[in-house]
Amino acid sequence: MTLQKAPWYRTQIVTLVLLAIVAIVVIWAALTGYHAKGEPAIGVGRGIILLVVGFFAGLLGGLIGTGGCSVMLPIIHFWMGFPASLAVGTTLFAVIFTATSGAWGHLVRRNLDRRAALWLGGGGILGVLLGSWLFTFLAKHQALLGLVLGLLFLWPAIRMIWEGIQGFTGKGPGKTEGNEIPGNGWGMALFGFVVGIATGIAGLGGGYALVPGLIYLFSAPVYITMGTSLAVMVPLALVGGLIKLTQGFVSMVAGGILGGGTIIGAQVGAAIIKRLKPHTLKFIFGLYFLYVALKFVLGYFGIRIW
């Protein structure tokens, strides 16, 4: 007897609910005239750009287990005129929707280790609280905040490029893909705490550190790492994003539009991830992370690159 496939809307109920929440947020912010300090005007043209940026951030995030902040943050800061502190808060707010959508997409496809997600998320929440407190000091120093962001991008960039090259040349470590992440729970909680601090300070969802950290420190299977990373980012982004919202560092309209794009993109990424080789994903995003790191670090010293 052939099993009937469930209607598409049953597997996408979470996606539809998230899109409805995003629509409410954007409409409410637009009607009430909510504006964060330093927020540039957002017309129809900019709204479309934000939606497209969000989609590709979600797509790429769904593929490599990040929330897409590494894509959204430099674009809205460098090319759309958002101050660094506002870009940090806005993209972290958008990651609430990215991570929830992507994690759900990976959960229904069983690309997720629930035990690891709980340990990492628990430690991460505590770290976000501490990092968000430290952020209030860095927010007053935009150039220094940019330097911190750049330095945080360097390690995963170099490591992922190296692992990608090893994969292309056939010299990478041979490892069978499993269904769970090995390692001590308290060790994961400590790692999550450190990532949470960085998330609270830099506003990045944490995937830039979670993905390479789980792969290299805990020998996690690549595909399971992607889904688990997104699941961990849900509480980190929720706590960090809401704190930054209360601090006045979130553009609700921009964050909502970005979030809407990422929700759809994350689902597409989760659906096609196993069609791509892990080392290819590492290499592509390692190059992008390196570019962003150099842009932030060189910008601190007054050197601008496109």
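Shown above is the structure to which this text applies.
Remember, it's a predicted structure, so these values are computed and weren't measured experimentally. (Residues numbered from 1 in each chain as written. Predicted model: local features only at pLDDT ≥ 70, side-chain atom pairs only at ≥ 80, totals over all residues. Heavy atoms only, no water.)

1. Some points on the overall build of the protein
Across its full length, the protein holds 12 helices and 0 strands. What you see in the protein, going N to C, is helices and strands ordered as α-α-α-α-α-α-α-α-α-α-α-α. Relative to its 306 residues, the protein shows a buried fraction of 54%. In the protein, the share of contacts with a sequence separation of at least 24, taken over all contacts with a separation of at least 6, comes to 86%. (Helix = DSSP H or I, 4+ residues; strand = E, 2+ residues; numbered from the N terminus. Buried < 20%, exposed > 50% of the residue type's maximum accessible area, 1.4 Å probe, protein only. Contact = heavy atoms within 4.5 Å.)

2. Observations regarding the packing of helix H6 (residues 114-138) against helix H10 (residues 222-246)
Direction vectors running N to C along H6 and H10 enclose 25 degrees, while the axes themselves pass 9 Å from each other. Classified by the angle their axes make, H6 and H10 are roughly parallel. Relative to H10, the crossing made by H6 is right-handed. Note on element contacts: H10 touches H6 through Thr-228, Ala-231, Val-232, Pro-235, Leu-236, Val-239, Gly-240, Ile-243 and Lys-244, opposite Ala-116, Ala-117, Leu-120, Gly-121, Gly-124, Ile-125, Val-128, Leu-129, Ser-132 and Phe-135. (Axes fitted to C-alpha atoms, helices over the stretch in contact; angles between N-to-C directions. Parallel < 35°, antiparallel > 145°, perpendicular 65-115°, else oblique. Left-handed = near helix turned anticlockwise from the far one by under 90°.)

3. Side note on helix H8 (residues 185-202)
With 18 residues, H8 extends 25 Å from end C-alpha to end C-alpha; this agrees with the ideal 26 Å at 1.5 Å per step. Counting buried positions along H8 yields 13 of 18 residues, so the element is predominantly enclosed. Two or three places before Trp-186, at the start of H8, stands the capping residue Asn-184, its side-chain oxygen 2.8 Å from that residue's backbone nitrogen. (Expected span 1.5 Å × (residues − 1). Polar contact = N/O pair within 3.5 Å; in protein donor to acceptor, adjacent residues only side chain to side chain.)

4. Points about the environment of Phe-301
Mapping Phe-301 onto the fold places it in the segment after helix H12 (278-300). By relative accessible area, which is 56% here, Phe-301 ends up exposed. In this structure the C-alpha to C-alpha distance between Phe-301 and Ala-143, which are 158 residues apart in sequence, comes to 9.0 Å.

5. A short note on the nonpolar core
Of all hydrophobic cores here, the largest spans 81 residues; its most connected members are Leu-120 and Ile-181. In terms of residues, this core owes the most to one element, helix H5 (residues 84-108), which gives 12 residues. Residue contacts for Leu-120: discarding those within four places in its chain leaves Met-188, Phe-191, Gly-192, Leu-210, Leu-214, Thr-228 and Val-232. (Core = buried A, V, L, I, M, F, W, Y, C linked by side-chain atoms within 4.5 Å.)

6. Side note on the environment of Met-160
Structurally, Met-160 is set in helix H7 (residues 142-169). Spatially, the C-alpha atom of Met-160 lies 5.0 Å from that of Lys-282, the residues being 122 residues apart in sequence. With residues up to four places along the chain from it excluded, the contact list for Met-160 reads Val-211, Tyr-216, Lys-282, Phe-283, Gly-286 and Phe-289.

7. As for H6
Across its 25 residues, H6 extends 34 Å between first and last C-alpha, which sits within 8% of the 36 Å expected from 1.5 Å per residue. Burial in H6 covers these residues: Ala-116, Ala-117, Leu-120, Gly-121, Gly-123, Gly-124, Gly-127, Val-128, Gly-131, Ser-132, Phe-135 and Leu-138.

8. Focus: the side chain of Thr-15
Its place among the elements puts Thr-15 in helix H2 (residues 13-32). Not counting the four nearest positions on each side in its chain, Thr-15 is found in contact with Ser-101, Ile-263 and Gln-267.

9. Quick word on the packing of aromatic side chains
Centre distance and the angle of the planes are the two values used to describe a pair of aromatic rings. Per the stated rule, a full pass over the model turns up 10 aromatic pairs. Ring centres of Trp-28 and Tyr-34 lie 6.1 Å apart, and the angle between their planes is 35 degrees; on these two criteria the pair is classed as tilted. The partly exposed category is assigned to Trp-28, whose relative accessible area is 45%. Take Tyr-34: its relative accessible area is 25%, and that puts it in the partly exposed class. Taking the centre distance of 5.2 Å and the plane angle of 90 degrees together, the rings of Phe-135 and Phe-249 count as edge-to-face. Of the two residues, Phe-135 sits in helix H6 while Phe-249 sits in the loop between H10 and helix H11 (252-272), which places them 114 residues apart along the sequence. Comparing Phe-135 with Phe-249, the two get one shared label, buried. Ring pairing ties together the aromatic residues Phe-78, Trp-79 and Phe-296, which thus form one cluster. The ring of Phe-135 is capped by Lys-244, whose NZ or CZ atom sits 4.4 Å from the centre of that ring. Above the face of the Phe-78 ring, Lys-295 is positioned so that its terminal group lies 4.4 Å from the ring centre. (Phe/Tyr/Trp six-rings, centres within 6.5 Å; stacked < 30°, edge-to-face > 60°. Lys NZ or Arg CZ within 6 Å of the ring centre and 35° of its normal.)

10. Here we look at unusual backbone geometry
A positive phi angle is found at Ser-219, which is not glycine, with a value near 55 degrees. Topologically, Ser-219 is positioned in the loop between helix H9 (207-217) and H10. Taking the relative accessible area as the measure of exposure, Ser-219 reaches 41% and is therefore partly exposed.

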